[in-house]
Amino acid sequence: MKLDGIHHITGITGDAQRNADFYVGVLGLRLVKKSVNQDDPTVYHLFYGDEHAHPGLDLTFFEYPGAAPGRAGDGMIRRVVWRMADPEALDFWAERLAGAGIQTEREGDSLVFSDPEGLEHQLLVADVTDDPLVAEHREVPAEYALQGFHAVRAYSSQPETSRHMLDTLGFTESVAGYEARGEHRGSLYLYDEPPAAPSIQGAGTIHHVAWTSDDEDHEAWRERVQQGGGRPTPVIDRHYFRSIYFREPSGVLFEIATRSPGFTVDEPLEHLGEKLSIPPFLENRRPEIEATVRPLENPRVAARS
Ligand code: ZN
């Protein structure tokens, strides 16, 4: 039983339209689901993915309109690391991001920048053989596209407290950090020394990271978390996958999510993300929900017309 790397990463935005304009319009991801927060259906939950909405490239955001900016600190994820095919892609992105008013910085074979709300990203030329997961964008050549998640970096003042849990979950430890690698894919989980300032969960911060479980192993992972000393939630049906949540000892909120049924459960692949998808148990509230969420234009659909 192995976790197959990162399933999705969820952050917080104060402005869904600006968020979509950046992640779809600039970074070239595909909006694969426009839904609402199942725990608060008055606000959006946006999912950006590759062309086929695979686990492994799924960056999602809860929108809290007008949310104050947050700040990553101890016990929070502070950076999303993406795989890139080759160093030429970094030149492309340095120029493209500059054109969008985003400053970038070179760090070895990588490019670091923050999204318009301050969420940190790193585009890294990574030596891995996992299948690239890419979305199509008419201004982004396929060879320069983001290829999926490589890692997340978290702040922890006491990373050694997490060792037992991560070991129980099957992460392997090396000088590079921890790695969750399954049959199909792998991702790294890395710790950095936290800043002195306390963390604030708000716009431009990461809420949680989800790791991929085979469907049939999901219940067993819940037991495994308990063996590691964690306190997992019951299995929650998120409509697109099933999930459990728990905090790993450094304080980062972890989720373990199933591969299935995926984003085509309620709309066809070619039209993912074009309409507001509402999970069945909230469908009777659709008129109220549609009247509450602010209009959101999918930049990819807008570019087509
Ligand atoms: Zn999640």
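Throughout what follows, the structure given in this document is the object of discussion. Every chain is numbered on its own, with residues counted from 1 as its sequence reads. Residues qualify for local features only when their pLDDT is at least 70, as the model is predicted, and side-chain atom pairs are given and counted only at 80 or more; totals for whole chains, interfaces and linings, by contrast, use all residues. Only heavy atoms go into the side-chain values, all of them from the structure, while hydrogens and water stay out.

## Observations concerning the pairing of strand β16 (residues 253-261)
Here strand β13 (residues 206-213) runs beside β16; their pairing, made up of five bridges, is parallel. Following the sheet pairing, Ala 210 is matched in β16 by Glu 255. Judged from the six bridges that link them, strand β15 (residues 241-247) and β16 form a sheet pairing that is antiparallel. Each residue of the ladder has a partner; that of Ile 244, found in β16, is Ile 256. If DSSP finds at least two bridges between two strands, the strands pair. Elements are defined by DSSP. Helices are runs of H or I of four residues or more, strands are runs of E of two residues or more, and each kind is numbered from the N terminus.

## So, the sheet that holds strand β17 (residues 276-277)
Taking strand neighbours across the sheet as the criterion, the nine strands line up as β14-β15-β16-β13-β1-β4-β3-β2-β17 in an open arrangement whose pairing is mixed. The sheet is open, and its two borders are formed by β14 (236-237) and β17, each paired with just one other strand. Where β14 meets β15, two bridges bridge the pair, whose relative direction is antiparallel. Within the sheet, the bridge partner assigned to Ile 236 lies in β15 and is Ser 243. Across the face of the sheet, helix α1 (residues 16-26) comes into contact with β1 (6-13), β2 (30-37), β3 (40-49) and β4 (58-63) while running at roughly 5 degrees to β3. Set on the sheet, helix α4 (residues 218-227) makes contact with β13, β15 and β16; between it and β15 the angle comes to about 5 degrees. By definition in these notes, contact holds between two residues if any of their heavy atoms fall within 4.5 Å. To define axes, lines are fitted to C-alpha atoms, for helices over the stretch in contact only, and angles between the resulting N-to-C directions are given on a 0 to 180 degree scale.

## Observations concerning the coordination of the zinc ion
Only nitrogen, oxygen and sulfur atoms qualify as donors, and only when within 2.8 Å of the metal (3.2 Å in the case of Na, K and Ca); with water excluded, sites may look incomplete. Coordination sphere of the zinc ion, protein contribution only: His 8 (NE2), His 208 (NE2) and Glu 255 (OE), at 1.9 to 2.0 Å. Taken in sequence order, the residues that donate to the zinc ion follow the motif H-x199-H-x46-E. Pair noted here: His 8 is in strand β1 and Glu 255 is in strand β16, with a separation of 247 residues, a long-range link. Pair check on accessibility: His 8 and Glu 255 agree, each one buried. Remark: exposure states derive from per-residue accessible area (1.4 Å probe, protein chains only) relative to the maximum for the residue type, with buried under 20%, exposed over 50%, and partly exposed in between.

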